[in-house]
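Tertiary structure, described
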Amino acid sequence: MHVWLVLILPVLLHCNAEEVHQEPHHLVKRGARASNCYHRCPGGDGRCAYTSGKGYHCICSQGWTATYCSVIDCSYSGYCINGGTCIPSAGLTSYTCTCANGWTGDNCQTVDCSTGDYCENGGSCHPTSDSTDYVCTCTAGWKGKSCHLRDCATGDYCSNGGTCSEVSNGTEYQCSCTSGRKGRNCHLRDCTTGSYCDNGGTCSEVSDGYDYLCTCTSGWKGMNCHLRDCDTGAYCSNGGTCDEIDGGSDYACSCTSGWKGRNCHLRDCETGSFCNNGGTCFEVSDGHDYSCTCTAGWKGRNCHLRDCATGNYCYNGGTCFEVSDGYDYSCTCTSGWKGRNCHLRDCATGSYCDNGGTCSEVSDGYDYQCACTSGWKGRNCHLRDCTTGSYCDNGGTCSEVSDGYDYLCTCTSGWKGMNCHLRDCDTGAYCSNGGTCDEIDGGSDYACSCTSGWKGRNCHLRDCETGSFCNNGGTCFEVSDGHDYSCTCTAGWKGRNCHLRDCATGNYCYNGGTCFEVSDGYDYSCTCTSGWKGRNCHLRDCATGSYCDNGGTCSEVSDGYDYQCACTSGWKGRNCHLRDCATGSYCNNGGTCSEVSDGYDYLCGCTSGWKGRSCHLRDCLTGSYCYNGGTCAEVSNGYDYQCTCTSGWKGRNCQLRDCATGNYCHNGGTCSEVSNGYDYSCACTDGWEGRNCHLIDCESPSRCLHDSKCNLIEDGRNYTCDCSYGWVGDNCQDIDVCTPYKDADIVFLIDISESAITCRVNTFKEYIQDFVSYFPIGADHFQFALVTFALQPQVLFYFNSHTDNTSLQTGIDDSMGNITCEGPTMVYKALDLVASEIFKEENGARNEVGRYVFVLTDGLFSNPSQNRESAYLLNSQTNAYIYTIAAGRFVNPKGLLDISSSYRNTYPIEMQDSVQSILKQTMFGCEGCKRRGSDITMLFDVSSDTSFEELHAFLKAGTFLIQNTKLSENNSDISIATFGEEYVTHAQVRENKSAEELVQILNRAVHRTDGKRQFNACI
């Protein structure tokens, strides 16, 4: 058994004051009876009655309420019927009705077609003669009282010849379509049954089935492939042109030359060119073939082959041969002739041109032409030609004589003889530059005596040996075959006679200086490179030179012919170009410097964790940067490092704990980083303890449920349970179906009125689903029904609606998924419905099992007296036990106790142990419970309205109860909860707290006085 003890002392002191001071004749007197009642109960058929313990009082008829039944009760459904809303008058002695759409009249009893939606689908509404009902005139295709049924006889449902059938009791129709049609209304094309495409065309449904498309075979086109298609068909053979005629239903062929017939398949000698080369064509085999009679020189089927025997192919004595299987001929020609028919001249074999003339074939080879050698002309080159001949030497003039068969020469100065071939010193100017001429060898030649600087046959050539042509040591060379001279000048000189300065070849400017020719080349000037100066750039210049590297300081010495460097730290050598490890800071981070490559470079020996030329880069391979298995990666081009830590570690060097990635706290424990991240701490979930939450916490209420005993094993890493009576399973979570239990029919009444900040449908649903999950479901076990209530009750499902656990859970989900909370809290109507309808055999109710009604509500009910009466009647008529489950921020305990079968049957929904307590009573009746005592729930009001004196009284009463209750595992246990701004549970049963611990918890709990009053009634 479970006792819900609610300590709300301020209310208890005043809650009965009104009833105590009411009219004294209500008190029960010895010998009192109903006939002595002197009350007037004017409302309706109200009557006066006497009840033991209550005295004389009015029992009101339906629709009236208050002490003397003088007030209209608009919650009575008989006033405004058909969904009308009752509105009481100002004096509460009468009412008016606001009717729902479709009704009118004082009590909404008359049909109103103008506002009601009686006739569906366009039907017209007409009230009956007494206006209590209506008649519909339906549109085509509809019938039934409200025009809600299909009418195939008048409706045009099935298109294209389809047959309509009424199905689903007339609420739907079905079409049987003709071939080629488908769809709900036979409005879609069906290629599988229709014959849309002729001549082998393929049908495809398009436009979502509203049309079809034919893919035609070659030679056909059109919507149904019924028309000829000349573009794709092979109707006309042998190149014939196809034309579609008669609208495409037929075709006609326009044949090419040589063909005729419907398909151009027959030979046509009149237009064809079958017989070549003048042959005559004859049609044979009914026009399917032809025959040719050939002209001279031709033979073969088409007169296409040569015939040397009859043809005159080779001219000028040539011989004819048939070649290429007779398709051609070849001629072997006589000398001087060539060509296919030996009709062309052949200069290569003919002797057409004399005196060395060259023969050329002209007029496409039909003639020849002679290109004569110099001195000859005529068709065959047989006449003298002075214009081209070299008959007269040395500029003599030639004249043709004897009709061109001879010539005569007139000689120029210096020459004489038949062909002007002899020297004449008297008239000739043979010796140049002052030389003297003499005729020798009988005049066939001459000799010259030359002056100094000249030589050659005509004293026309330069003589370097005797001439003074080149200055400044230049060397003279005779060029142009001695007709001129050239000087090769020494370095630094140029010009025809080597008389000018040459910067390009002279070594005037030293050390890279640039030479410039000045004074028209007769002198030079030097522009020196950096580091040099002087006329010839031969002296050192520290101001412009880069003699000293790496910041060294330069000084000129030896009158400028040399320099000296003062080096900076880290450098040495003549030009400060060599490394000096002794003075330089080359190796960072403790690296050791060594001079290498003869001092031109250095080498660093780096310490662990460093690398690079100057030991300036991080070296993950040798350094110990990342702890705890972290992986080191060099970043920023090696100037830094980054650690990728293993799970459970973080920080630059993976030296800190990381709760986010580490698996420190097992079994859902929450990890917290402590000691600045160098350690961690685990907050374990319920049922676990230890540094890593790896050990079983047997003291947790989640271990060994339902008051069972927990036993640690395996060094605390596992546990076993000694289960309480009626429970089995590893954690005693399952009902032991082998334990005798009582079957029951259980009804849940769910408050969905607007009285609550109470509308907690999801909380109710979770509570119910958890509750039913503990029971075996079925006609031979436990059955559940579900009802909601506000102004009117509504059945969500009956006992026989669900016969297994899965179906029941789904039914709860489905029926409670879309609930709106509104209206007043008329719980008595729900109780009446349960008594009159739910516990009926046709709805699955059984007489031989226990019956229970669980009301999930805030207790803020209307009509308290009616509620008590309905609860009493429900219990007395059906033997059902009524339990109230308190839910909501504002709860009226008196309202809960008014309808509960016992004060022990009221529980707060938030108490985790309430379901188990109810289960024991419903399933086992506590006959097999191990405990012999009661579990007690202490619920305290700690809102701001509660005074300190009242809180002190709470503490005294609670402490007394704790200290005088026998607390043990098999006796009583106590849970403590408070309510104010929120509901808080401080101690639960099954935690087995000692009396001292519970007193301490009570003191802490009751002193929470910062909330607002939530429970505002009394019990």
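Now for a quick tour of the structure.

What counts as what
Residues numbered from 1 in each chain as written. Predicted model: local features only at pLDDT ≥ 70, side-chain atom pairs only at ≥ 80, totals over all residues. Heavy atoms only, no water. Helix = DSSP H or I, 4+ residues; strand = E, 2+ residues; numbered from the N terminus. Buried < 20%, exposed > 50% of the residue type's maximum accessible area, 1.4 Å probe, protein only. Contact = heavy atoms within 4.5 Å. Areas by Shrake-Rupley, 256 points an atom, 1.4 Å probe, with all protein chains shown as cover. Disulfide = S-S within 2.5 Å. Axes fitted to C-alpha atoms, helices over the stretch in contact; angles between N-to-C directions. Parallel < 35°, antiparallel > 145°, perpendicular 65-115°, else oblique. Left-handed = near helix turned anticlockwise from the far one by under 90°. Nonpolar A, V, L, I, M, F, W, Y, C, P; charged D, E, K, R; others polar. Core = buried A, V, L, I, M, F, W, Y, C linked by side-chain atoms within 4.5 Å. Pairing = 2+ DSSP bridges. Expected span 1.5 Å × (residues − 1). Phe/Tyr/Trp six-rings, centres within 6.5 Å; stacked < 30°, edge-to-face > 60°. Salt bridge = Lys/Arg side-chain N within 4 Å of Asp/Glu carboxyl O. Right-handed = clockwise from strand over helix to strand, strands pointing away.

In terms of regular secondary structure, the chain is built from 10 helices and 82 strands. When burial is assessed residue by residue, the chain has 42% of its 1019 residues classed as buried. Counting only contacts in the chain whose residues sit at least 6 apart along the sequence, the fraction spanning at least 24 positions is 33%. Accessible surface, the chain as shown: approximately 53,400 Å² in total, 46% of it carbon and sulfur.

Here we come to the state of the cysteines. For the structure on display, the rule yields 52 disulfides. Note that Cys626 is cross-linked by a disulfide to Cys643, the S-S spacing being 1.8 Å. Measuring the twist about the S-S bond at about -90°, one finds the Cys626-Cys643 disulfide to be left-handed. Residue Cys626 is found in the loop between β61 (617-618) and β62 (631-635), and its partner Cys643 is found in strand β63 (residues 640-644); the two are separated by 17 residues along the sequence.

A separate point is the packing of helix α9 (residues 948-963) against helix α10 (residues 995-1006). When two helices pack together, their arrangement is captured by the angle between the axes and the distance separating the axes. At a minimum axis separation of 10 Å, α9 and α10 run at an interaxial angle of 165°. By the criterion of interaxial angle, the relationship of α9 to α10 is roughly antiparallel. Where α9 crosses over α10, the two elements pack in a sense that is right-handed. Every residue of α10 that contacts α9 at Leu951, Phe954, Leu955, Gly958, Thr959 and Ile962 is listed here: Ala995, Leu998, Val999, Leu1002, Asn1003 and Val1006. Here the contact of α9 with α10 is composed, by residue class, of nine nonpolar, three polar and no charged.

What follows deals with the nonpolar core. Membership of the largest hydrophobic core comes to 77 residues, with the highest contact counts inside it found for Ile746, Phe748, Ile768, Phe771, Phe784, Phe854 and Leu856. Looking at this core, the element that brings in the most residues is helix α3 (residues 761-772), giving six residues. If we ignore the near neighbours within four places in the chain, the residues touching Phe784 are Ile746, Phe748, Phe771, Val772, Phe775, Ile777, Phe797, Tyr798, Phe799 and Leu808. Counting 23 residues, the second largest nonpolar core, distinct from the first, contains Val787, Val834, Phe839 and Ala845.

With that settled, the discussion passes to the sheet that holds strand β76 (residues 793-797). With mixed pairing, six strands are arranged side by side in an open sheet as β76-β75-β74-β77-β78-β79. Of all strands in the sheet, those with a lone pairing partner are β76 and β79 (906-908), marking the two edges. Along the sheet, successive strands turn relative to each other by an average axial angle of 25°, direction set aside. Running at roughly 140° to β76, helix α4 (residues 805-815) makes contact with β75 (782-789) and β76 of the sheet. Packed onto the sheet, helix α6 (residues 864-878) meets β77 (850-857) and β78 (880-886) and runs at close to 140° relative to β78.

Next up on the list: α9. Taking 1.5 Å per residue as the helical rise, α9 with its 16 residues ought to reach 22 Å, and the 22 Å between its terminal C-alpha atoms agrees with that figure. All of the buried residues in α9 are Glu950, Leu951, Phe954, Leu955, Gly958, Thr959 and Ile962.

Before going further, it helps to examine the packing of aromatic side chains. Here the structure, examined in full by the defined rule, presents 34 aromatic pairs. Consider the rings of Tyr157 and Tyr173, whose centres lie 4.3 Å apart with planes at 20°: the pair is stacked. Here Tyr157 is found in the loop between β13 (149-150) and β14 (163-167), whereas its partner Tyr173 is found in strand β15 (residues 172-176), with 16 residues between them in sequence. This pair shows no difference in class: Tyr157 is buried, exactly as Tyr173 is.

Our next topic: unusual backbone geometry. The phi torsion at Cys108 lies on the positive side, around 60°, for a residue other than glycine. Within the fold, Cys108 resides in the loop between β8 (103-104) and β9 (110-111). The phi torsion at Asn879 lies on the positive side, around 60°, for a residue other than glycine. Mapped onto the secondary structure, Asn879 falls in the loop between α6 and β78.

Applying the stated criterion across every chain, the model contains 31 salt bridges. With a closest N to O distance of 2.0 Å, Arg457 and Asp445 form a salt bridge. Of this pair, Arg457 sits in the loop between β44 (454-455) and β45 (461-462) while Asp445 sits in strand β43 (residues 445-449), and the two are 12 residues apart along the sequence. Its salt-bridge partner being Glu556, residue Lys533 comes within 3.6 Å of it at the nearest N-O pair. On the criterion of sequence distance, the pair formed by Lys533 in strand β52 (residues 532-533) and Glu556 in strand β54 (residues 553-557) is long-range, its members being 23 residues apart. Judged by relative accessible area, Lys533 falls into the partly exposed class, the value being 34%. What makes Glu556 partly exposed here is its relative accessible area of 37%.

To continue, consider the side chain of Asn302. Topologically, Asn302 is positioned in the loop between β28 (298-299) and β29 (305-306). Under the relative-accessibility criterion, Asn302 is labelled buried at 18%. Beyond its immediate stretch of four places on either side in the chain, Asn302 contacts Phe274, Cys275, Asn276, Tyr290 and Cys292.

Secondary-structure assignment places Gly662 in the loop between β65 (656-657) and β66 (670-674). Between the C-alpha atoms of Gly662 and Ser647, which are 15 residues apart in sequence, the distance is 4.9 Å. Discounting chain neighbours no more than four positions away, the residues touching Gly662 are Ser647 and Gly648.

Let's shift gears to the pairing of β78. The element β78 is extensively covered by neighbouring structure, given that six of its seven residues are classed as buried. Direction of pairing for β77 relative to β78: parallel, over a ladder of seven bridges. Bridging across to β78, Leu856 finds its partner in Ile885. Handedness of the β77-α6-β78 crossover: right-handed.

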